[in-house]
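Remarks on the overall topology
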Amino acid sequence: MEKANVLEMKKIHKAFGGLKALVDVNIELRHGEIIGLVGDNAAGKSTLMKILSGAYHADEGSIFFNGREVAITNPRIAKQMGIEMIYQDLELCPNLDVPANLFLGREVITKPFIRFLKKRIMEDETVSILRKLKIDVKNPGLRIDKLSGGQQQAVAIGRAVSFNPKIVIMDEPTANLAVVEIDKVLDLTLRLKEHGISIIIISHRLDDVFRVSDRIYVLKHGCIAAVKEKAKTNKEEIIKLMFMEAHERQGQRARQ
Ligand SMILES: Nc1ncnc2c1ncn2[C@@H]1O[C@H](COP(=O)(O)OP(=O)(O)OP(=O)(O)O)[C@@H](O)[C@H]1O
Ligand SMILES: [Mg+2]
């Protein structure tokens, strides 16, 4: 039996002035599923996910979360619903340590003694999150800018997970990482899935998308050009779909 959808985005349209960034986009995400979102530069990937995370508003269309229509009017509402987006620039504070980054915006400013206790709680919680996700940061007391790119990405993922999300969106999580680090981030992505989190991963690296995704959505010029089960497609086909124009696709379909 097919798993139920945790998320449906239906007939999403978004324009920036005269530029149609998204046209009639439909996306479904099943419980515990990882979908890859691929497409050339400016295809509309980040825009679509920013609509889901409440950073942008769609001009038209609807979003269903666990079967119920929802109005994601700002990022706070998305977070409350359990939708976490990890942006390409990670939004970490380079001069703060790992616990401070994990709890950024959540630390309560109180009397010095309580603050000390809170710090301890945050540190313990950090260790438990890092351990739960098998994130390899030996010394969480280090400033973020002293960690490698992969470790920083892992901390950003840890931070997202600390909110107990149902859905995590990752925008290019493996860009600019060394090969060993890419492997670790992808393993971590698969571990989130084991914890029951549904994931949408945007990536230019098709190897990565093929390694973790169950299904792949191809966006082109703001439209969904194709949706493929990973097991029933290959990189060559996805590349063709990313770059083939609509009329060529129709021609190909007619010939089949
Ligand atoms: N805030 C904005 N104002 C104006 N235009 C925007 C804005 N955000 C995105 N766009 C435009 O919308 C289109 C889609 O952009 P988007 O960032 O979603 O593409 P993308 O698929 O994420 O590309 P990339 O792979 O380069 O990250 C682009 O033409 C972009 O210039
Ligand atoms: Mg983008």
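Residues numbered from 1 in each chain as written. Chains lettered and ligands numbered in written order. Predicted model: local features only at pLDDT ≥ 70, side-chain atom pairs only at ≥ 80, totals over all residues. Heavy atoms only, no water.

All right, on to the overall build of the chain then. In terms of helices and strands, the chain carries nine helices and 10 strands. In summary, the chain has a C-alpha radius of gyration of 19 Å against a globular reference of 18 Å for 256 residues, a match within 12%. For the chain, the C-alpha atoms occupy an extent of roughly 70 × 40 × 40 Å along the three principal directions. Going through the 256 residues of the chain one by one, you find that 47% of them count as buried. Sequence separation of at least 24 residues holds for 66% of the intrachain contacts in the chain that already meet a minimum separation of 6. Total accessible area on the chain is roughly 13,400 Å²; 53% of this is exposed by carbon and sulfur atoms. With 40 positive and 33 negative side-chain charges, the chain shows a separation of 3 Å between the mean positions of the two kinds. (Helix = DSSP H or I, 4+ residues; strand = E, 2+ residues; numbered from the N terminus. Rg over C-alpha atoms; globule rule 2.2 N^0.38 Å. Buried < 20%, exposed > 50% of the residue type's maximum accessible area, 1.4 Å probe, protein only. Contact = heavy atoms within 4.5 Å. Areas by Shrake-Rupley, 256 points an atom, 1.4 Å probe, with all protein chains shown as cover. Lys, Arg positive; Asp, Glu negative; His and termini not counted. Charge placed at Lys NZ, Arg CZ, Asp CG, Glu CD.)

Moving on, we get to the pairing of strand β4 (residues 60-65). Bridge analysis of strand β1 (residues 5-16) against β4 gives five bridges, and the strand direction is antiparallel. In the strand pairing of β4, His13 is matched with Glu60. As paired elements, β4 and strand β5 (residues 68-70) share three bridges and run antiparallel to each other. Bridge pairing links Phe65 to Arg68 in β5. (Pairing = 2+ DSSP bridges.)

So, about the sheet that holds strand β2 (residues 19-30). Read from one edge to the other, the open sheet built from four strands follows the order β2-β1-β4-β5, with strand pairing classed as antiparallel. Sheet topology places β2 and β5 at the edges, where each strand pairs with a single neighbour. Averaged over all adjacent pairs, the angle separating strand axes in this sheet is 25 degrees, with direction ignored. Those strands touched by helix α1 (residues 45-52) are β1, β2 and β4, and its axis lies near 120 degrees from that of β1. (Axes fitted to C-alpha atoms, helices over the stretch in contact; angles between N-to-C directions.)

Turning our eyes to something else, we now look at the packing of aromatic side chains. In the structure shown here, the tally under the stated rule is one aromatic pair. Ring centres of Phe16 and Tyr56 lie 5.5 Å apart, and the angle between their planes is 75 degrees; this geometry places the pair in the edge-to-face category. Of this pair, Phe16 sits in strand β1 while Tyr56 sits in the loop between α1 and β4, and the two are 40 residues apart along the sequence. Directly above the ring of Phe64 sits Lys10, whose terminal nitrogen or CZ lies 4.5 Å from the centroid. One residue, Lys79, lies across the ring of Phe163, its end atom 3.7 Å from the ring centre. (Phe/Tyr/Trp six-rings, centres within 6.5 Å; stacked < 30°, edge-to-face > 60°. Lys NZ or Arg CZ within 6 Å of the ring centre and 35° of its normal.)

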